[in-house]
Structure formats: C-alpha cells, structure tokens
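If you want the building blocks of each chain, they are given just below.
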Amino acid sequence: MAVLIIQCPDCQHCYQSLVMDSTTVPTLWYCSHCGGQRAAPIEQLTANHPLEQVHGSGCLCCGTIPSK
Ligand SMILES: [Zn+2]
C-alpha cells in the first residue's frame with residue numbers, strides 16, 4: 001500500500017490518498033478543496049500502517065511525516 005501526498009497548485013491544499021496494491025494510481029487528481037484538476041502527487045510514501053503514521057504526525061501539508 002502506498003500513500004500519496006497530493007497538492008493542488010491552485011489553492012495549495014494538501015491531502016493524502018491511499019493507493020491499494022491492487023488498484024492503479026490515478027493519472028488525474030481532483031482537489032478536494034477547490035475542485036481543481038491540476039492537483040498532483042508531490043510525494044509517495046510506502047507504509048504498511050499508514051493510519052498509524054498519520055496519527056500524531058502533525059501537519060501533512062508540510063510533509064512532516066516521521067519515518068519509522
Ligand atoms: Zn485546490
């Protein structure tokens with residue numbers, strides 16, 4: 001399972017998307033904040049337990065996700 005950090009260039013909104021191993025990574029991302037279609041992955045994390053990493057990891061927009 002991979003965790004993609006998606007950032008929208010229009011409004012700088014960041015969000016993360018989980019990509020299951022059995023699914024294809026989308027080529028077009030929609031910003032969940034402004035609805036724009038120019039959002040793109042800026043970082044890909046490989047995580048066995050992404051939700052555990054998210055917990056207590058601080059601001060995802062800053063990419064401050066601790067690697068364990
Ligand atoms: Zn946006």
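Residues numbered from 1 in each chain as written. Predicted model: local features only at pLDDT ≥ 70, side-chain atom pairs only at ≥ 80, totals over all residues. Heavy atoms only, no water.

Notes on the coordination of the zinc ion
Every protein donor of the zinc ion is accounted for by Cys8 (SG), Cys11 (SG), Cys31 (SG) and Cys34 (SG), and the metal-donor separations fall at 2.2 to 2.4 Å. Because the angles between the four donor atoms bound to the zinc ion fall within 104 to 115°, the donor set is best described as tetrahedral. As a motif over one chain, the donors of the zinc ion read C-x2-C-x19-C-x2-C. In this pair, Cys11 is assigned in the loop between strand 1 (2–7) and strand 2 (14–19) and Cys34 in the loop between strand 2 and strand 3 (40–46), connecting sequence segments 23 residues apart. (Donors = N, O, S within 2.8 Å, 3.2 Å for Na, K, Ca; no water. Tetrahedral: all angles 85-135°; square planar, octahedral: opposite > 155°, others 65-115°. Helix = DSSP H or I, 4+ residues; strand = E, 2+ residues; numbered from the N terminus.)

A closer look at the confidence of the model for the protein chain
Here the protein chain averages 78 in pLDDT, and 68% of its residues register 70 or above. Per-element mean pLDDT across the protein chain ranges from 54 in helix 1 (residues 50–54) up to 90 in strand 1. (pLDDT = per-residue confidence, 0-100.)

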